Amino acid sequence: MERVLITGALGQLGHEFIKFFIKKNIYVLASDIRRPEEKLNCDFEIIDAMDNKRLNVVVKKYNINTIYHLVAVLSATGEKNPFKSWKVNMESFQNIIEVSIENKIKKIFWPSSIAVFGTKSNLENVSQDPILNPNTIYGISKLAGEKLISYYNKKYDLDIRSLRYPGIISFESKPGGGTTDYVMEMIESLKKGEDYICFLEKDTRLPMLYIEDAILGTIKFMSSKKKNLNVKESYNITGFSITPEELELKLKENGCIGNVIYRPDYRNEIAKTWPKNINDKISKEDWNWKANFGLNSTLEEAFK
Ligand code: AKB
């Protein structure tokens, strides 16, 4: 029986993973550094993943055997305080690994990101294994994490698995601190008939994935047979790619009346070093990955 601990559970992905596990009757313990504003239908513990001792106590107390470690300072916030970002992203991950070794955790999920790529990665269509030269502290920490996965899996016979998420689009749970967050911000403003000041240039193309594909894809990946997983670090996945201008036009086609004012800032510089398109062929071959949502079907969800 799976007993799952989610760290950083009150973030954009955590909320949706909680819902999924509850629906499937899988035991889930949510944790974060703050209390939830609304009641969760599962156990909850305050855990600062930087606190190794506390993590250990909670993992033992609840007999946890699977961990989804979602704690991260994302790209845009990370650039404001790189030292803190590195500390949170790396120390928490190392703690999870230590606690997992001690408690014989069966499986660990740790999200990587398109932030691991850089200008040398052939950004028009990024393959699984290009040159990686990340430009943000977030991307550097994700790349370091990918290397740690293959190292610790081998050294301690762990099963840490990872996917390189593109921008995740969700309408119930909110993102925070990312470069791809503009999608949800623009949709929210234009739906209300308000203008939106976009921090990216109108033609900055980035890969995206609708939350349902992200959750179901991750679960499918985590349930795949280990012997089929040939990539030892982190797998590429994607849904579709868009620019802010394409999104604006689609929203107007859907009857939105607000305008978009383009005022690119430092986040556009980050986005310029990220892929325009992702090649996720290896995920399709190894674990049967398939995205079901494109731009139109994602927007249908936004207007439900
Ligand atoms: C971000 O924009 O920082 C994240 C990511 C792509 O990892 N959404």
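Residues numbered from 1 in each chain as written. Predicted model: local features only at pLDDT ≥ 70, side-chain atom pairs only at ≥ 80, totals over all residues. Heavy atoms only, no water.

## Quick word on the domain arrangement of the chain
Piece 1. Splitting the chain by domain gives domain 1 (3-166 + 209-236) and domain 2 (171-208 + 239-277 + 293-302).
Piece 2. Domain 1 and domain 2 are separated by 25 Å when their C-alpha centres are compared.
Piece 3. Counting from both sides, the interface comprises 26 residues of domain 1 and, opposite them, 25 residues of domain 2.
Piece 4. Taking both partners together, domain 1 and domain 2 bury about 2200 Å²; carbon and sulfur atoms supply 60% of that area.
Piece 5. The largest contributions to the domain 1 side of the interface with domain 2 come from Gln-12, Ile-114 and Tyr-210, which together make up 27% of the buried area.
Piece 6. For the pair domain 1 and domain 2, the interface holds 1 salt bridge.
Piece 7. Connecting domain 1 to domain 2 are 10 residue pairs in polar contact (both at pLDDT 80 or more).
Piece 8. When contributions to the side of domain 1 that touches domain 2 are tallied by element, the ones reaching two or more residues are helix H1 (12-23), helix H3 (75-80), strand S11 (206-210) and helix H7 (211-223).
Piece 9. With 5 residues, the single largest contributor to the side of domain 1 that touches domain 2 is H3.
Piece 10. Residues belonging to the side of domain 1 that touches domain 2 are distributed by class as follows: 10 nonpolar, 9 polar and 7 charged. (Domains from an automatic or database assignment. Contact = heavy atoms within 4.5 Å. Buried area = accessible area lost by both parts, 1.4 Å probe. Salt bridge = Lys/Arg side-chain N within 4 Å of Asp/Glu carboxyl O. Polar contact = N/O pair within 3.5 Å; in protein donor to acceptor, adjacent residues only side chain to side chain. Helix = DSSP H or I, 4+ residues; strand = E, 2+ residues; numbered from the N terminus. Nonpolar A, V, L, I, M, F, W, Y, C, P; charged D, E, K, R; others polar.)

## Some words on the packing of aromatic side chains
Piece 1. Evaluated as defined, the whole model comprises 17 aromatic pairs.
Piece 2. Where Phe-221 meets Tyr-235, the ring centres are 5.6 Å apart and the plane angle is 75°; that geometry is what we call edge-to-face. Taken together, the residues span a long stretch of sequence, with Phe-221 in helix H7 and Tyr-235 in strand S12 (residues 235-236) at a distance of 14 residues.
Piece 3. We classify Phe-221 as buried; its relative accessible area is 2%.
Piece 4. Taken together, Phe-17, Phe-20, Phe-21, Tyr-68, Phe-109 and Tyr-165 form an aromatic cluster joined through their ring pairs. (Phe/Tyr/Trp six-rings, centres within 6.5 Å; stacked < 30°, edge-to-face > 60°. Buried < 20%, exposed > 50% of the residue type's maximum accessible area, 1.4 Å probe, protein only.)

## Here's the deal with the packing of helix H6 (residues 182-191) against helix H8 (residues 244-253)
Piece 1. At their nearest, the axes of H6 and H8 sit 11 Å apart, and the two run at 25° to each other. As the angle between them shows, H6 and H8 are arranged roughly parallel. By crossing handedness, the relation of H6 to H8 is classed as right-handed. Contact residues: Tyr-182, Val-183, Met-186, Ile-187 and Leu-190 in H6; Pro-244, Leu-247, Glu-248 and Leu-251 in H8.
Piece 2. Across the contact of H6 with H8, the residue classes tally to 8 nonpolar, no polar and 1 charged. (Axes fitted to C-alpha atoms, helices over the stretch in contact; angles between N-to-C directions. Parallel < 35°, antiparallel > 145°, perpendicular 65-115°, else oblique. Left-handed = near helix turned anticlockwise from the far one by under 90°.)

## Some thoughts on the site of the ligand
Piece 1. Every residue near the ligand is listed here: Leu-74, Ser-75, Ser-113, Ile-114, Tyr-138, Gly-178, Thr-179, Thr-180 and Trp-274.
Piece 2. One of the side-chain N or O atoms of Ser-75 is found 2.5 Å from an oxygen atom in the ligand.
Piece 3. A distance of 2.7 Å separates an oxygen atom of the ligand from a polar atom in the side chain of Ser-113.
Piece 4. Across the complex, the protein chains shield 94% of the 260 Å² of accessible surface that the ligand would expose by itself.
Piece 5. The class makeup of the residues in the shell around the ligand is 4 nonpolar, 5 polar and no charged.
Piece 6. Inspection of the shell around the ligand shows a minimum of three residues originating in each of domain 1 (3-166 + 209-236) and domain 2 (171-208 + 239-277 + 293-302). (Near = heavy atom within 4 Å. Areas by Shrake-Rupley, 256 points an atom, 1.4 Å probe, with all protein chains shown as cover.)

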